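# An overview of the molecular structure
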Amino acid sequence: MKSIISIIIALMFCSSISFAQNNITLPKKLSENMSSSQQSAVKRQIATFKNKYMASNEFAGKAEVEFAVDTFSISLCEDVLINDDSSTLGMMQTIYAAAEDYDALLNKYYQKLRNSLDSNGKAALLKAQKAWLAFRDADDELSGAAMPPDGSMWRVVHASNHQERIKQRVIQLFDYYSAGRE
C-alpha cells in the first residue's frame, strides 16, 4: 500500500513539473536564438527553480514569484547561450537580446507600477522614467566614448553596461511596485 501511495505521489510531482513547463514563457529575444532542446531544458530548470523558490519563500506573493521567475529566466537563457557561443559576436548578440528582454520586463513592471498609483504617483513615475531614459542614453554614450577604440572585448563591456542599466531599473520599478502592495 505504501509503495502505491509513493508511486502516486511521484507521478503527481512529475506531472506538476511537466504542467509547469508548459506554462512557462521563455524570454522572447533570447529564446529565438535557442534550439528546441535548449528551450526544453531551460523550461525544466525554470520549473524546478519556481518550485524551489515557492517552497523556500513560503510567504512570497504571486508578484514576487513572478518577478523571480521573470529575471531568473533571462539570466538562465543568457548563460545557456553564452556557454554555447562564447565568441565576441555570440556574447554581443546574447547580451543585446537579454537587454531587449529586460526592456520588455521594464515595460511590464512599469505598467504594473503605473496601474497601482494615483494620478500624482503616475505623474511622478512618468517624470522619473523620462529622466531615467535620458540618463540611460547619456550614460550609454559616455560608456561608448570612454572605451578604447581597439579590442573587441570592450564592445562586450559596453553592451553589458547597457544591459545592466536596464536590469537595475527593472529591479527598482519592481521594488516600488511591491512596496506599494505590502
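Below: a short report on this structure. Since we're looking at a predicted model, the values are computed, not measured.

Across its full length, the chain carries seven helices and zero strands. Listing each helix as α and each strand as β along the chain from the N terminus yields α-α-α-α-α-α-α. Once local pairs closer than 6 in sequence are excluded, the contacts in the chain between residues at least 24 apart make up 70%. A total accessible area of about 11200 Å² is found for the chain, and carbon and sulfur atoms account for 57% of it.

Once rolled over the atoms, a probe with the size of a water molecule shows which space is left empty. When its volume is computed, the largest pocket comes out at roughly 590 Å³. In terms of lining, the largest pocket is formed by 24 residues, of which the most central are Thr25, Glu66, Val69, Asp70 and Lys108. Among the secondary structure elements, those contributing two or more residues to the lining of the largest pocket are α1 (2–22), α2 (28–32), α3 (36–56), α4 (62–84) and α5 (88–116). Broken down by element, the residue count for the lining of the largest pocket peaks at seven residues, all from α4. By residue class, the composition of the lining of the largest pocket is twelve nonpolar, three polar and nine charged.

Before going further, it helps to spend a moment on the packing of α5 against helix α7 (residues 153–179). Orientation of α5 relative to α7, taken along the N-to-C sense of each, is 20°, at an axis distance of 8 Å. Classified by the angle their axes make, α5 and α7 are roughly parallel. Of the two elements, α5 crosses α7, and the hand of that crossing is left-handed. Here the contact of α5 with α7 is built from residues that sort into 21 nonpolar, six polar and five charged.

Enumeration over the complete set of coordinates arrives at six aromatic pairs. For the pair phenylalanine 49 and tyrosine 53, a centre-to-centre distance of 5.7 Å together with 35° between the ring planes defines the contact as tilted. Placement of both phenylalanine 49 and tyrosine 53 in helix α3 is noted, with a separation of four residues, approximately one turn of the helix. Overall, the relative accessible area of 23% leaves phenylalanine 49 in the partly exposed class. Classification of tyrosine 53 by relative accessible area gives buried; the value is 18%. Ring-pair connections join several aromatic residues into one group, and the members of that group are Phe67, Tyr109, Phe174 and Tyr177.

Our next topic: the pattern of salt bridges. Using the criterion set out here, one finds eight salt bridges in the structure. Between lysine 29 and glutamate 32 there is a salt bridge, with its nearest N and O atoms 4.0 Å apart. Of the two residues, lysine 29 and glutamate 32 both sit in helix α2, three residues apart, roughly one turn of that helix. Taking relative accessible area as the criterion, lysine 29 reaches 28% and is therefore assigned partly exposed.

What counts, and at which threshold
- Residues numbered from 1 in each chain as written.
- Predicted model: local features only at pLDDT ≥ 70, side-chain atom pairs only at ≥ 80, totals over all residues.
- Heavy atoms only, no water.
- Helix = DSSP H or I, 4+ residues; strand = E, 2+ residues; numbered from the N terminus.
- Contact = heavy atoms within 4.5 Å.
- Areas by Shrake-Rupley, 256 points an atom, 1.4 Å probe, with all protein chains shown as cover.
- 1 Å grid on protein atoms, 1.4 Å probe; cavity = no way out; pocket = protein on both sides within 12 Å on 5 of 7 lines; lining within 4 Å.
- Points joined across faces, edges and corners; volume = space filled by probe spheres on them.
- Nonpolar A, V, L, I, M, F, W, Y, C, P; charged D, E, K, R; others polar.
- Axes fitted to C-alpha atoms, helices over the stretch in contact; angles between N-to-C directions.
- Parallel < 35°, antiparallel > 145°, perpendicular 65-115°, else oblique.
- Left-handed = near helix turned anticlockwise from the far one by under 90°.
- Phe/Tyr/Trp six-rings, centres within 6.5 Å; stacked < 30°, edge-to-face > 60°.
- Buried < 20%, exposed > 50% of the residue type's maximum accessible area, 1.4 Å probe, protein only.
- Salt bridge = Lys/Arg side-chain N within 4 Å of Asp/Glu carboxyl O.

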